[in-house]
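Coordinate inspection notes
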Amino acid sequence: MTKKTSNTMWGGRFAAGPDAIMEAINASIGFDQRMASQDIEGSRAHAAMLAATGILTDSDADAIREGLLTVLSEIEGGTFQFSTALEDIHMNVESRLKEIIGEPAGRLHTGRSRNDQVATDFKLWVRDQFDAAEAGLIALIQALLGQAEAGADWVMPGFTHLQTAQPVTWGHHMMAYVEMFGRDLSRVRDARKRMNESPLGAAALAGTSFPIDRHMTAEALGFDRPSANSLDAVSDRDFALDFLSVASITAMHLSRFAEELVIWSSAQFRFVTLSDRFSTGSSIMPQKKNPDAAELIRAKVGRIYGANTGLMMVMKGLPLAYSKDMQEDKEQVFDAADSWMLAMAAMEGMVKDMTANRDSLKGAAGSGFSTATDLADWLVRVLGMPFRDAHHVTGTLVALAESKDCDLPDLTLEDMKSAHEHITNEVFDVLGVQNSVDSRMSYGGTAPAQVRIQVQRWKDILK
C-alpha cells in the first residue's frame, strides 16, 4: 500500500495539507489501531444494513464486506501500512478499502459519521474487555476457592490494625477475597449490560435522513438496542468511565491482597511460600526470594486510578456533542485494561501456586492474646456478667499474662480466680484457638463448617 502524504478525506474544504505539528497532535492511528477488528466489524454490519434498506446495491455491499475482510487479514498479518496522514483507524481502513475495491468504498460512509463510528468501535472494544475481565475474575475466584477448601480448618491469626485480634481460618480469609472479587464480578456484568446500546447510525450528532435500520445493526453487533438519543450516543463516554471505575475497585482489591502476600511471604511471617514462577532473586543477595509479582500488582493500581481520573478530567467540561478532546479517551483505557488483565492473571497464578505454611499459621494464631474475646464471651455466657464487666475482667487477666510473659491459656486457675472468684476450670475449654474458630458458627463466621458452606455456595453460583 502506498503511504499517504496528505489527508484527502477532508474533500474540498481545505486547500493545503496539515502542518506536521498539527498532523502529529491530530492523529490517533498510533493507538486506535487496536480497534481495527471492531472498526471492520461495525463497517460490515453497516454495509449489510445499507443493502437491506436499499441505500446500497447488493453488489456494492458485497464488495465492501469482502474488501473489509481483506483489510482485516492484512492488519492481522502485519502487512498493513498505517498512515499518520490518514489520522485514525477509520480513515486508514476506508482508504485501503478504496484501493482494493474502488468506487464502492466511498459509499460505505453513507448514513454515518466518524463520531458514531468511533463511539461504536470503542464500545465494542470495551465490551470485549469486560468479557475478558469476567473470565479473569471467575478464574481468580476459582483459585481462591481451591485454597479456601483445602484450608477450611487451618487456624491463623485474624488481624485488625495489623495487630492480632481473634483466631480465624485460612479458608475464611480466602473467602473474604472471594466475596470482594465476587462483587467486582457483579459490577463487571452490571456495567456491561448498561453500556450495551449501539451508537451506530446516530451519525455526526443529529441522526440521518437516510432510511437506515439502527435496530438491524444493533442486533448484528450484539447490542441490546440502539441508543435512544443521537446527541448522547456520540458524546457519551461514561461506559469507559464505568470500565475504569470497575477496574479501579478491582485493582484496589488486588492490591490489598498483594500487600498481604508481600507481608505473609516475609521471613518475619512465613505464612505463605510463593512459587518460583512468581518470585525473583537478588543480584547481590543470594538468599533473597522477592515477591515481585505481588509488588507489581500493587503498583498497577496507580496506572488504573490515573486513567480513571484522567478521563474524568477530559470529559468534565465538554458541551454536547462531540469534541476532539474525546480522542484522549482511548490511550488511558487501553493502558488500564492491559494493567487490569495482567494483574488479575498474575494474582490467579500466585494463588494457584502458593503454599500456605500451616504450622506457621497455627503458631501465630494463638499469639497476642487472640482468645481474649472468647474469654470475655465465656464470662457473659456462663457467669451471666454484663459484657462491659467481662471486658474489664478479661483486660485484667491479659495484663496479668503480660506480666508473667505468657499467654492466656498458660495462666493457672488461681490466676483466673484472682480476677473473678467464680471462674472455673471450664474456662480453659474456650481458650484454645481451634475451639475458638470452631465456636464461630454464626452465618458467615470463621468456623470450618461455615467456610465449607460458603465455598459450596460460590461453586453453585459459578455454575
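Okay, so let's go over this structure.

Reading guide: rules and limits
- Numbering of residues starts from 1 in each chain and follows the order in which that chain's sequence is written.
- Reporting of local features is limited, given that this is a predicted model, to residues whose pLDDT is at least 70; pairs of side-chain atoms are given and counted only at 80 or more, and all residues count toward the totals for whole chains, interfaces and linings.
- With hydrogens and water excluded, all non-hydrogen atoms of the structure serve as input to the side-chain values.
- A helix here means a DSSP run of H or I that spans at least four residues, while a strand means a run of E at least two residues long, and both kinds are numbered starting from the N terminus.
- Restricting the calculation to C-alpha atoms gives the radius of gyration, and the globule rule supplies 2.2 Å times the number of residues raised to the power 0.38.
- Relative accessibility under 20% of the residue-type maximum defines a buried residue, over 50% an exposed one, and the middle range a partly exposed one, all with a 1.4 Å probe and only protein chains included.
- For this analysis, residues touch if any pair of their heavy atoms sits within 4.5 Å.
- Under the convention used here, a 1.4 Å probe and the Shrake-Rupley method define accessible areas, while residue burial counts only the protein chains that appear.
- His is not counted here, nor are the chain ends, while Lys and Arg score as positive and Asp and Glu score as negative.
- Every charge is mapped to an atom, namely NZ of Lys, CZ of Arg, CG of Asp or CD of Glu.
- Here an axis means a line fitted to C-alpha atoms, over the contact stretch when the element is a helix, while the angle between two N-to-C directions is reported on a 0 to 180 degree scale.
- Any angle that is under 35 degrees is reported as roughly parallel, and any over 145 degrees as roughly antiparallel; angles of 65 to 115 degrees are reported as roughly perpendicular and all others as oblique.
- Crossing chirality is assigned from the near helix's rotation relative to the far helix, an anticlockwise turn below a right angle marking it left-handed and a clockwise turn marking it right-handed.
- For this classification, the nonpolar set comprises Ala, Val, Leu, Ile, Met, Phe, Trp, Tyr, Cys and Pro, the charged set comprises Asp, Glu, Lys and Arg, and every other residue, Gly included, is treated as polar.
- Salt bridge, as used here, is a side-chain nitrogen of Lys or Arg placed within 4 Å of a carboxyl oxygen of Asp or Glu.
- Should DSSP find at least two bridges between two strands, the strands are taken to pair.
- What counts as a ring pair is set by centres within 6.5 Å for rings of Phe, Tyr and Trp (its six-membered ring), and what kind of pair is set by the plane angle: stacked under 30 degrees, edge-to-face over 60, tilted for all other angles.
- Charge-over-ring placement is defined geometrically: NZ (Lys) or CZ (Arg) within 6 Å of the ring centre, and within 35 degrees of the ring normal.

1. What to know about the overall build of the chain
Across its full length, the chain holds 18 helices and 6 strands. Taking 2.2 N^0.38 as the reference for a compact globule, 463 residues should give roughly 23 Å; the C-alpha atoms of the chain span a radius of gyration of 31 Å, well beyond that estimate. Principal-axis analysis of the C-alpha atoms gives the chain an extent of 100 × 55 × 40 Å. Residues counted as buried form 49% of the 463 residues belonging to the chain. Considering only contacts within the chain whose residues lie at least 6 apart along the sequence, 74% involve residues at least 24 apart. Carbon together with sulfur atoms contributes 52% to the accessible area of the chain, which is approximately 21500 Å² in total. Separation of charge centres in the chain, based on 45 positive and 62 negative side chains, amounts to 1 Å.

2. Things to note about the packing of helix 3 (residues 36–52) against helix 5 (residues 89–101)
Running from amino to carboxyl end, helix 3 crosses helix 5 at an angle of 60°, the nearest separation of the two axes being 10 Å. Relative to helix 5, helix 3 is oriented oblique. The way helix 3 lies across helix 5 gives a crossing that is right-handed. Residues Ala36, Asp39 and Ile40 of helix 3 touch helix 5, and the partners they reach there are Ile89, His90 and Val93. Taken together, the residues that form the contact of helix 3 with helix 5 break down as 4 nonpolar, 1 polar and 1 charged.

3. Considerations on the side chain of Asp32
Inspection of the secondary structure assignment puts Asp32 in helix 2 (residues 29–32). Lys330 provides the closest opposite charge to the buried, salt-bridge-free Asp32, at an N-O distance of 5.8 Å. Beyond its immediate stretch of four places on either side in the chain, Asp32 contacts Asp88, Ile89, Lys330 and Phe334.

4. Examining the pairing of strand 1 (residues 155–160)
In the sheet, strand 1 pairs with strand 2 (residues 163–169) via 6 bridges, with the strands oriented antiparallel. Bridge assignment links Met156 to a residue of strand 2, and that residue is Val168.

5. Points about the environment of Ala247
In this structure, Ala247 sits in helix 10 (residues 238–264). Judged by relative accessible area, which is 0%, Ala247 ranks as buried. Taking C-alpha positions, Ala247 is 8.5 Å from Asp184, a pair spaced 63 residues apart along the chain. Residue contacts for Ala247: discarding those within four places in its chain leaves Ile304 and Trp340.

6. Things to note about the pattern of salt bridges
Where side chains of opposite charge bring their charged atoms close, a pairing between them can arise. Counted under the stated rule, the structure contains 27 salt bridges. Note that Asp415 is salt-bridged to Lys404, the shortest N-O span being 3.9 Å. With Asp415 in helix 16 (residues 413–419) and Lys404 in the loop between helix 15 (387–403) and helix 16, this residue pair connects regions lying 11 residues apart in the sequence. With a relative accessible area of 13%, Asp415 lands in the buried category. Connected via shared salt-bridge partners are Asp60, Glu103 and Arg107.

7. Considerations on the packing of aromatic side chains
Two numbers describe a pair of aromatic rings. These are the distance of the centres and the angle of the planes. This structure, assessed with the given rule, holds 12 aromatic pairs. Geometrically, the ring pair formed by Phe243 and Trp340 is edge-to-face, given 5.3 Å between the ring centres and 65° between the ring planes. With Phe243 in helix 10 and Trp340 in helix 12 (residues 330–353), this residue pair connects regions lying 97 residues apart in the sequence. Every member of this aromatic cluster is reached through a ring pair, and the members are Phe159, Trp170, Trp264, Phe269 and Phe271. Of note, Arg127 hangs over the ring of Phe223, and the distance from its end group to the ring centre comes to 4.8 Å.

These figures capture arrangement, not role.
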